[in-house]
Amino acid sequence: QSTWEAVVSTQSTWEAVVSTQSTWEAVVSTQSTWEAVVSTQSTWAQVMELNEFVETLREGECSCESIRTEIQAAGSTTLLEGEIEALHERVRILEVLQGDPLPGPVFLLEEPFAGNGADTTIALGSPPELQITGDMTIAMFVTHVNDGNRQNPYAKAYNGEGTITIEAGTEGEDGETGTTDDENSTLSFYWAGENSQYCCAKALQALPHGPWTHIAIVRDFTNFADFERGLASKFYVNGEYFPTTNCRDQEWADTNFRDADGNYFAQARATEDAATVGSGYVSSHHGNIEDLRVYSRALSAEAIACYAGKRGATDAERAACARM
């Protein structure tokens, strides 16, 4: 081919393009400017790989002199900020055109929610996409006022697809923020198998009180082992794994949490119960909720940690997290 564009046009995937070059140096050497190098990337993983290559260029380990000079002149230790943003947007567009191999959220809260603990709620109904019986992730940023009541920031069905509950903690001296000991508010996640007998996982640590806290509940049937592994539920708070315990004991599970073949349930019950933001079967949420996302798959720990650091970020910046 006479030009790099001609080479790219003959390949069906970026992997095929890269396979025509023996090294990243060879790939980069075909470009006249750093902008041209960046424009050939189609996934975030390739952006990160390119970022590593940038460092080798800075250190003078490659002979792409004009590009190395261009990067060094920028004075940044990572990819240029504008190029990163453009790449995020490029990835987002490509996924729309080509299909994202990792499905996006089935529900995304577009506007912040402010709950007063009494009569505020967002009713979502019971569309098929929220009748999730398999792997699931529910993630959000929250603030929380400990008013002594159990609260539901998100609910579908505690005896079905699943509901998040912030359990009541000991009220603090100011009547709002609560204490910081083990008696303070904790997270729970309830769901039920086909027989409607609900189970739950509960956090072993108090929920942090701060301006904003990122929480994520992951139901992971794909890696489900048995009752002792938290009934397939994992908690993450501010991007860190949050240890849990089962609210049911082994004796209860052996009697109430097995299917007709004697196996522990590995699928939730679908219901017509309406999904709600800020309310549920107990008291309404007292505090704020932002960027609530519901996925019909189990996000990785890396993806959740990425989201936890992206409050206030653009959609394009957040989009990279889901591919981790």
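None of these values were measured; they are calculated from a predicted model.

Cut-offs used in this document
Throughout, a residue's number is its position along its own chain's written sequence, starting from 1. Given that the model is predicted, a residue must reach a pLDDT of at least 70 before its local features are reported, and side-chain atom pairs must reach 80 or more before they are shown or counted; all residues, however, enter totals for whole chains, interfaces and linings. Where side-chain values are given, they derive from all heavy atoms of the structure, hydrogens and water being excluded. Each aromatic pair joins two rings of Phe, Tyr and Trp (for Trp, the six-membered one) with centres within 6.5 Å, and gets the label stacked for planes under 30 degrees apart, edge-to-face for over 60, and tilted for any other angle. Only protein chains enter the calculation, and the probe is 1.4 Å; a residue is then buried if its accessible area is under 20% of its type maximum, exposed if over 50%, and partly exposed in between. Working definition: helices are DSSP H or I runs of at least four residues, strands are E runs of at least two. Numbering for both runs from the N terminus. The rule for a charge over a ring is simple: NZ of Lys or CZ of Arg within 6 Å of the ring centre, and within 35 degrees of the ring normal. As used here, the term nonpolar core means buried Ala, Val, Leu, Ile, Met, Phe, Trp, Tyr and Cys residues forming a set that is joined through side-chain atoms within 4.5 Å. Note on definitions: a residue-residue contact is assigned when non-hydrogen atoms from the two residues lie within 4.5 Å.

**Description of the packing of aromatic side chains**
Moving on, step 1. For the structure shown, the criterion picks out eight aromatic pairs.
Moving on, step 2. Aromatic pair Tyr 236 and Tyr 241: ring centres 5.9 Å apart, planes at 75 degrees, arrangement edge-to-face.
Moving on, step 3. Taking the relative accessible area as the measure of exposure, Tyr 236 reaches 8% and is therefore buried.
Moving on, step 4. Look at Tyr 241 and you get partly exposed, because its relative accessible area is 49%.
Moving on, step 5. Centroid distance Tyr 295 to Tyr 307: 6.4 Å. Interplanar angle 45 degrees. Geometry classified as tilted. Taken together, the residues Tyr 295 in strand S15 (residues 286-295) and Tyr 307 in helix H9 (residues 301-308) connect sequence positions twelve residues apart. With respect to burial, Tyr 295 and Tyr 307 carry one shared label: buried.
Moving on, step 6. Among the aromatic residues, those joined into a cluster by ring pairs are Tyr 158, Tyr 190, Tyr 198 and Tyr 281.
Moving on, step 7. Against the face of Trp 191 rests Arg 219, its NZ or CZ located 5.4 Å from the ring centre.

**Some thoughts on the nonpolar core**
Moving on, step 1. Of all hydrophobic cores here, the largest spans 36 residues; its most connected members are Ile 138, Met 140, Tyr 154, Leu 187 and Leu 292.
Moving on, step 2. In terms of residues, this core owes the most to one element, strand S4 (residues 136-142), which gives four residues.
Moving on, step 3. Those residues within four positions of Met 140 in sequence are excluded, and the remaining contacts are Pro 153, Tyr 154, Ile 164, Thr 213, His 214, Ile 215, Ile 289, Glu 290, Asp 291 and Leu 292.
Moving on, step 4. In this structure, Ala 139, Tyr 295, Leu 299 and Cys 321 belong to the second largest nonpolar core, which totals twelve residues.

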